[in-house]
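Spelled out, the chains give:
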Amino acid sequence: METWGERMPQGMLLKSDGFASNLSAPQEGYSLKDFCELRGIPYDDMRVPVSLETFVEYGLWFQKQWVPKVDPRRVARINRGNETFVVETDDGEKFAAKRVVLATGLGNLAWIPPQFAGLPSGLVTHSSMHRQPSDFQEKEVTVIGGGASAIDLAALLQEQGAKVCIVARRPEIEFHNPPALTARTFREKLRNPSSGLGPGWKSRIYTDAPFLFRLLPVELRQKIVREHLGPAAGWPMRERVGKVPMFLGTRNMTANMVDGKVQLLFLDKNCQRVEHLTDHVIAATGYRASVRRLNFLSESIQSELRTVSDTPLLTSRFESSVPGLYFVGLFSANSFGPMMKFAFGADYTSRLLARHLQSRAHKRSSRTVAYRTEAVS
C-alpha cells in the first residue's frame, strides 16, 4: 500500500469500481463493501467512486486483520545460496529462504518519456511523486498523458490553484461511461457482461480464464496487455477536468530548458508547430515492468532469469526460470493477462500461489514475514 498511501495525490478517485477493488482474504467479511459498512462510508458496487483515502484505510485495516506482523525494513539484496536464497535487509541482517515471492508493486516502475531525460528533476517529475497538489498553487504546470492519472491530477491541480495544461498524443480523452441508473436487462448483460476490468466479453474472458491466457503465443499476450483497456479516465472526472486546456493529438515532442522553465516543442493535431513554456512538467505516463529495475536481485539471479520484453517468463504457478523465485502483480501481466495490473488480480494470484506453496512445503511449519523492497533506478 506504500504507493497508494504515500505517493498518489490526495483527493484522487480510483478508476476501478468498488466491487473490483477488493483485497483477497481466505474468508468472507473483508471486502471493501464490508469495510465501508463497518466505518459508515458510502458504498456502491458501481455507482459510488472509491476515494484514495477510503482505499488506503481499507488496505491498512485489511493488513492489521490478516498480516499483522509486517517487517518495515527493506530488502537490500537477494543472492543465491546453497539450494536457498540469501536475503539481506537494509540494516545488514541476512537470512535464508527456500522460496521468495516478489510483490514489489509500482513504486519503482514509474516511466518518464526519454525526451525529458536531460532535464533537471526539479522541472520534470512523475505523477506518482505528488502527494500534495497544493504544492503547485499559482504555478504553470503541464501534465503529459491522456489516461486516468493525467486527468485526475490535472483536475486536482486546477482545483488547488495551479494553472494547468494537458498535452497528450491521443486525439481525444476517453472517459468510462457512468453506471446505468436502472438495472440492466438480461440481453444487455449477455451482450456486454460485466467484469473486474469493466464491461465486455474480452475483459470477462481475461478475468475468468488467466490460466488460458498464458497458453496464447507470447507476442499475442504482449499485444493484449499493451493495448487492452487503453488510457481512460473515470466517469466522475469528466466535469471536473472540463475547463483544463488541452493539446491533443500531438506528436514529435521535444523538451528544453529555457530561463529556468521547460519549453515544449510539438506538432498539434493540425500539424501546426507549437511552442509551449511551462514552470513544471508532470509525466502521467504510467509504469513499465522491468526486471532491470529490481536492483536488489543479484547479478547471478538476473542472468538466470528468462525474460520477454524485460519481464519474466512464468510457469502456471507464477514461478520464474530461477527455481523458487516467484513474480506477482504487474510483472506477471505478460503471462496471465491485463487483470494482473489491477487489484482485482490479487484473488486469483493469492489463492493459486498459496495452494502451490503449501503443497511444496510438505506440511512443514514455516514463518512468513513481509518485507518492503526498494529498487534504485
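All of these numbers come straight from a predicted model, not from anything done at the bench.

The rules behind these values
Residues numbered from 1 in each chain as written. Predicted model: local features only at pLDDT ≥ 70, side-chain atom pairs only at ≥ 80, totals over all residues. Heavy atoms only, no water. Salt bridge = Lys/Arg side-chain N within 4 Å of Asp/Glu carboxyl O. Helix = DSSP H or I, 4+ residues; strand = E, 2+ residues; numbered from the N terminus. Buried < 20%, exposed > 50% of the residue type's maximum accessible area, 1.4 Å probe, protein only. Pairing = 2+ DSSP bridges. Axes fitted to C-alpha atoms, helices over the stretch in contact; angles between N-to-C directions. Core = buried A, V, L, I, M, F, W, Y, C linked by side-chain atoms within 4.5 Å. Contact = heavy atoms within 4.5 Å. Expected span 1.5 Å × (residues − 1). Parallel < 35°, antiparallel > 145°, perpendicular 65-115°, else oblique. Nonpolar A, V, L, I, M, F, W, Y, C, P; charged D, E, K, R; others polar. 1 Å grid on protein atoms, 1.4 Å probe; cavity = no way out; pocket = protein on both sides within 12 Å on 5 of 7 lines; lining within 4 Å. Points joined across faces, edges and corners; volume = space filled by probe spheres on them. Lys, Arg positive; Asp, Glu negative; His and termini not counted. Polar contact = N/O pair within 3.5 Å; in protein donor to acceptor, adjacent residues only side chain to side chain. Arc of directions from axis to C-beta.

**Details of the pattern of salt bridges**
Counting across every chain of the model gives 15 salt bridges. The salt bridge partner of Arg73 is Glu93, with a shortest N-O separation of 2.6 Å. Residue Arg73 is found in strand β1 (residues 70-80), and its partner Glu93 is found in the loop between β2 (85-89) and β3 (94-97); the two are separated by 20 residues along the sequence. For Arg73, a relative accessible area of 18% translates into the label buried.

**A look at the sheet that holds strand β9 (residues 251-258)**
With respect to topology, three strands assemble into an open sheet ordered β9-β10-β11, the strand pairing being antiparallel. Bordering the open sheet on either side are β9 and β11 (273-278), each of which pairs with just one other strand. Looking at each pair of strands side by side, their axes are set apart by 20° on average, direction ignored. Bridge analysis of β9 against strand β10 (residues 261-267) gives six bridges, and the strand direction is antiparallel. By the bridge assignment, Thr254 is partnered in β10 with Leu265.

**Regarding the nonpolar core**
Core analysis: the largest hydrophobic core is formed by 35 residues, its most contacted members being Ile78, Val100, Leu102, Leu297, Phe318, Leu325 and Phe327. Residue assignment for this core shows that the elements contributing at least two residues are β1, β2, β4 (100-102), α8 (218-227), β15 (325-327), α11 (333-336) and α12 (346-361). No other element matches the three residues that β15 contributes to this core. In this structure, Leu297 is in contact with Arg77, Ile78, Leu102, Gln302, Leu305 and Phe327, ignoring residues within four places of it in sequence. If you look at the next biggest cluster of nonpolar residues, it comprises 23 residues, including Phe136, Ala150, Leu157 and Leu248.

**Overview of helix α3 (residues 52-66)**
The terminal C-alpha atoms of α3, which comprises 15 residues, lie 21 Å apart, in line with the 21 Å expected from a rise of 1.5 Å per residue. Elements that come into contact with the buried residues of α3 comprise α1 (2-6) and α2 (32-39).

**What about the packing of α2 against α3?**
Here α2 crosses α3 at 100°, and the two axes come no closer than 10 Å. The pairing of α2 with α3 is recorded here as roughly perpendicular in orientation. Across the interface between the two elements, Leu32, Phe35, Cys36, Leu38 and Arg39 of α2 pack against Thr54, Glu57, Tyr58 and Trp61 of α3. In terms of residue class, the contact of α2 with α3 is made up of six nonpolar, one polar and two charged.

**Re the layout of surface pockets**
To find the voids left in a structure, one rolls a probe of water-molecule size over its atoms. Estimated volume of the second largest pocket: approximately 1,100 Å³. Lining of the second largest pocket is provided by 34 residues; of these, Asp17, Met46, Asn177, Gly198 and Pro199 occupy positions nearest its centre. Here the lining of the second largest pocket is built from residues that sort into 15 nonpolar, 10 polar and nine charged.

**Description of the sheet that holds strand β7 (residues 163-167)**
Adjacent strands of a sheet form backbone hydrogen bonds with each other and so pair up, either parallel or antiparallel. Strand order in this open sheet of five strands is β5-β12-β6-β7-β8, and the pairing throughout is parallel. The sheet terminates laterally at β5 (124-126) and β8 (246-247), the two strands that pair on one side only. Of the pairings in the sheet, the one linking β5 to strand β12 (residues 280-283) comprises three bridges and is parallel in character. Residue pairing for β12: Val124 is matched across the bridge by Val281.

**Looking at the environment of Ala183**
With respect to the helices and strands, Ala183 occurs in the loop between β7 and α5 (186-191). Sequence separation between Ala183 and Arg306 is 123 residues; the distance between their C-alpha atoms is 47 Å.

**Looking at the side chain of Asp152**
Relative to the elements of secondary structure, Asp152 occurs in helix α4 (residues 148-159). Here Asp152 occupies a buried position and makes no salt bridge, while the nearest side chain of opposite charge, Arg240, is found at 6.8 Å. Only 3.5 Å separates the side chain of Asp152 from the backbone nitrogen of Leu13, close enough to count as a polar contact. The contacts of Asp152, once residues within four sequence positions are left out, are Met12, Leu13 and Met237.

**Describing helix α6 (residues 201-208)**
Every buried residue of α6 is accounted for by Ser203, Tyr206 and Thr207. For α6, the angular spread of buried residues about the axis comes to 95°, placing them on one side. At its buried positions, α6 is contacted by α7 (210-213) and α8.

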